[in-house]
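Each chain, letter by letter, is given below.
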Amino acid sequence: MANKSNQIHILFVIESLHCGGAEKSLVTLLQNIDFETYHVDLIIMNPGGEFEKFLPSEVNLIVKNQFSRHNFFRRNIKRVHFLLLRKANRFMKYHGAQLYWKAFGSFISKHDTEYDIAIAYNQGFSTYYVANKVVSKKKFAWLNTDYQKAGYNITFDITHYKSYDKVICVSKENELSFKNAVSEIDEKIKVVVIKDIVDADFVKKMSSEKIDFEKNDEDIVIVTVGRLAKAKGLDMAVEACAMLREKGLFVKWYVIGDGPERNELEKLIKIKGIQDSFLLLGFKENPFPYMQLCDIYVQTSLFEGLGMTVIEASVLNKPIVTTNFSTAFSIIEHNKTGKICEMTSVAITDTIIEYVENVELMQEVSENLSHKDNYDKEISLQKFKKLIVTS
């Protein structure tokens, strides 16, 4: 792609474009960028992500080999160093990404192109890489998670974040968590809020895709979308499904996504004896038809940066049950556009039963969602443009 002299040259950095909220948000943002105004490079470290195919052709994708300039022996020394750091971190003083940078940061080569603007599109590695390995007139760091609950150590991070012009949080709750961490060490960082972008028209269009999905009239179909990671609280979902079965309800609970907790979840599903009721479908390139066909959408997260899948379910007018992570309250109005419950399997079970026993409530929630205006996409794009132009 030719780089016109009057274009703003922007670099985005994210570790990969595998399934995840930040990855999905970045691709959606890039699909809505004005490529007459911006020349866009995107650096990833781990190629082959599911969302790569959705990148606009104008994006110049750069795959970085972090260790291309170092031999096998030196790489192994660093790997041993990393393993030792992880072992010493048994009290969880540092996040895994921080330990990784401690071990490998000095080992990673600098990027050799200078930019007008460089954006680290998620916390951890991308933030450290742009702060230390990229030359740019302006730098912005996106923060897509609840900083404190995710387990980051602000004492380690503060020097990296201070090299940025602004930190962009994807929700007000996210902003508060980060500011609280920064204030604990008596520092200040410029922070603004730009919500992750959910393209409602795209969600609705994709939800109409035909899939091989049989639904029995007597089954209560529940869908959850998310990585199989501890932060998603899916062990509570398994336990809730078992309780629903014990109460005599015919439940088919489908989980779309993959991740490091798959083996543990499979063990728990087997222990509970609900292999026919709680089904791990793995990653689906298009999860929206499954969401469209469900009776109830359930999110059991312990924390979220925003909660994009809950927003997507609301776009599809689905009755929603979500745990009370902080950002849930900015998405759902309890008992009007969904139901918010405590983070326990019992509370999740009871809240699902409230829907099942009250069809009128389910219909009312769906109706309320259908009349809900959402201009978040337009607002976020305007804020992004203002950030780039005025900073």
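No experiment lies behind these values; they were computed from the predicted model shown.

Peer 1: How should I be thinking about the environment of Ala97 in this particular structure?
Peer 2: Positionally, Ala97 belongs in helix α3 (residues 96-104). Sequence separation between Ala97 and Ser326 is 229 residues, and the spatial gap between their C-alpha atoms is 23 Å. When residues no more than four places from it in sequence are discounted, the contact partners of Ala97 are Gly124, Phe125, Tyr128 and Tyr152.

Peer 1: Help me out: how do you make sense of the sheet that holds strand β11 (residues 296-299) in this one?
Peer 2: Neighbouring strands of a sheet are bound in pairs by backbone hydrogen bonds; such pairs are parallel or else antiparallel. With parallel pairing, six strands are arranged side by side in an open sheet as β10-β9-β8-β11-β12-β13. Strands with a single pairing partner mark the edges of an open sheet, and in this sheet they are β10 (278-282) and β13 (339-341). Between one strand axis and the next, the sheet turns through 25° on average, direction left out of account. Examined bridge by bridge, β11 and strand β12 (residues 320-323) share three bridges and lie parallel to one another. Directly across from Val298, in β12, lies its bridge partner Val321.

Peer 1: What exactly am I supposed to notice about the side chain of Thr28 here?
Peer 2: Position of Thr28 relative to the elements: it lies in helix α1 (residues 21-31). The exposure class of Thr28 is buried, given its relative accessible area of 10%. The residues touching Thr28, leaving out its near neighbours within four places in the chain, are Ile197 and Asp199.

Peer 1: Hey, could you run me through the pairing of strand β8 (residues 220-225) in this one?
Peer 2: Within a regular strand, the side chains alternate between the two sheet faces. Among the six residues of β8, six are classified as buried, and the element is accordingly described as predominantly covered. Here β8 shows two buried faces, one formed by Ile220, Ile222 and Thr224 and the other by Val221, Val223 and Val225. Here six bridges tie β8 to strand β9 (residues 251-256), and the two strands are oriented parallel to one another. Across the sheet, residue Val221 finds its bridge partner in β9, namely Lys252. Note on the crossover from β8 through helix α8 (residues 234-246) to β9: the handedness is right-handed. One ladder, built from two bridges, connects β8 with β11; its direction is parallel.

Rules used in this analysis
- Here, residues in each chain are numbered from 1, in the same order as that chain's written sequence.
- Where local features are concerned, this predicted model is filtered to residues with pLDDT of at least 70; where side-chain atom pairs are given and counted, the filter is 80 or more; whole-chain, interface and lining totals use all residues.
- Only hydrogens and water are set aside when side-chain values are computed; all heavy atoms of the structure are taken into account.
- Runs of E in the DSSP output that reach at least two residues are strands. Runs of H or I that reach at least four are helices, and both are numbered from the N terminus.
- Contacts: residue pairs with any heavy atoms within 4.5 Å of one another.
- In this analysis, strands are considered paired if DSSP registers two or more bridges between them.
- Lines fitted to the C-alpha atoms define the axes, with helices restricted to the stretch that makes contact. Angles between their N-to-C directions range from 0 to 180 degrees.
- Exposure is judged per residue with a 1.4 Å probe applied to protein chains only, and the accessible area is read against the type maximum: over 50% gives exposed, under 20% gives buried, and values in between give partly exposed.
- Crossover handedness is defined here as right-handed if the route from the first strand over the helix to the second strand goes clockwise, with the strands pointing away from the viewer.

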